[in-house]
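# Topology and contacts: notes
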Amino acid sequence: MCSRDCCSGPGGSNRGNTCTDKKGGKAGSLNGEKIIPTPQSLLYPYEVIEEIADFIVKGSGMRPKIGIICGSGLGSLADIIQDPKIFEYEKIPNFPVSTVEGHAGRLVVGTLEGATVMAMQGRFHFYEGYPLAKCSMPVRVMKLCGVEYLFATNAAGGINPRFAVGDIMLMHDHVNMLGFAGNSPLQGPNDPRFGPRFPALVNSYNKDLINKAIEIGKAMGIESNIHVGVYSCLGGPNYETIAELKALRMMGVDAVGMSTVHEVITARHCDMKVFAFSLITNKCATEYSDKKDDEANHEEVMAVAKTRQKACCELVARLIREIHLASA
Ligand SMILES: O=P(O)(O)O[C@H]1O[C@H](CO)[C@@H](O)[C@H]1O
């Protein structure tokens, strides 16, 4: 594998999207250098993922059972972890770095409600310049650490007119817009040690966990703020146009963001159970108007996330408690 700078994502390792290797075989050329595209699935071979997982398991002395990905402004989900062992992304071999505000760039391993957990305080997005396989590579690391359940959270714009800012949408399905355009974290040769060539994605979002979360929402007295719906991931970093939002609504999408779907695909490919939710941080306009309020912005996204951190933490903690008790 080439280790030239041209292969780097933003501040990342030497595994990038496209390689220019003078020794390479059949390829195009740029400034006289041959260009050999690297399929996504070859960016992080099994052995490299294994090395990263070993580093985390040895460094923490734990084999976490539940993995959590904190959405924008939801980093406090990792702050409730007890006896935390913290790994800065920069110090983890071959790990990318977080470049987005509201994503601290730390992996936190410890216990929560008796269960062993690992949480990403900061995820990787396609718009940061990372290929999808790199964005979702930590999910495979989780798998090789021993994780069986993925909890993926995100901040999202509410398209369903019944949703209010601050509501929580439990994801029961997704529309993969990047996949419609031919992009996938699984693109390239398949390594069966992770999963099958053609993974099925119906029933990706675990129904038992959704039902348990609904019950927990009732017990917390927030049932009117909890919905079940469909999330769609767009490439970003721009927010959507009105015409795009109208189209998404017609497709049955309830909330829109720029993450999570490729993580869920990667998790289902390696047979992890998935629970995911969107915190609705802004309402998306689906009609034309002159209102400045209709324009989404990341400051608002993070400010709303901050006001709902407590409820999100409680939901996650209670659900993890149920999983832990059921397996004890
Ligand atoms: O999906 P998370 O990481 O929560 O972040 C969401 O918030 C950012 C936009 O404000 C985008 O990155 C979008 O995907």
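In this report, the structure presented in the accompanying data block is examined. Just so it is clear, the structure is predicted and the values come from calculations on it, not from any experiment.

Looking now at the side chain of His-103. Mapped onto the secondary structure, His-103 falls in the loop between strand 5 (82–88) and strand 6 (106–112). Residues contacting His-103, with those up to four places away along its chain left out, are Cys-70, Gly-71, Ser-72, Ser-98, Gln-121, Gly-122, Arg-123 and His-125.

Contacts to the ligand come from 13 residues, most closely from Ser-72, Tyr-127, Tyr-239, Ser-259 and His-298. Within the backbone of Ala-155, one N or O atom sits 2.8 Å away from an oxygen atom of the ligand. At 2.7 Å, a side-chain N or O of His-298 approaches an oxygen atom of the ligand. The site holding the ligand turns out to be the largest pocket. Sorting the residues of the shell around the ligand by element identifies strand 8 (149–158) and helix 9 (298–307) as the ones contributing at least two each. For the shell around the ligand, a count of residues per class yields five nonpolar, seven polar and one charged.

When you line up the elements, Arg-197 lands in the loop between helix 5 (177–180) and helix 6 (207–219). Residues contacting Arg-197, with those up to four places away along its chain left out, are Leu-186, Gly-188, Pro-189 and Asn-190. Of the polar contacts made by the side chain of Arg-197, one reaches the backbone oxygen of Leu-186; its length is 3.0 Å. Of note is the side chain of Arg-197, whose polar atom sits 2.9 Å from the backbone oxygen of Gly-188.

The rules behind these values
- Residues numbered from 1 in each chain as written.
- Predicted model: local features only at pLDDT ≥ 70, side-chain atom pairs only at ≥ 80, totals over all residues.
- Heavy atoms only, no water.
- Helix = DSSP H or I, 4+ residues; strand = E, 2+ residues; numbered from the N terminus.
- Contact = heavy atoms within 4.5 Å.
- Near = heavy atom within 4 Å.
- Polar contact = N/O pair within 3.5 Å; in protein donor to acceptor, adjacent residues only side chain to side chain.
- 1 Å grid on protein atoms, 1.4 Å probe; cavity = no way out; pocket = protein on both sides within 12 Å on 5 of 7 lines; lining within 4 Å.
- Sits in = over half its atoms within 2 Å of the grid points.
- Nonpolar A, V, L, I, M, F, W, Y, C, P; charged D, E, K, R; others polar.

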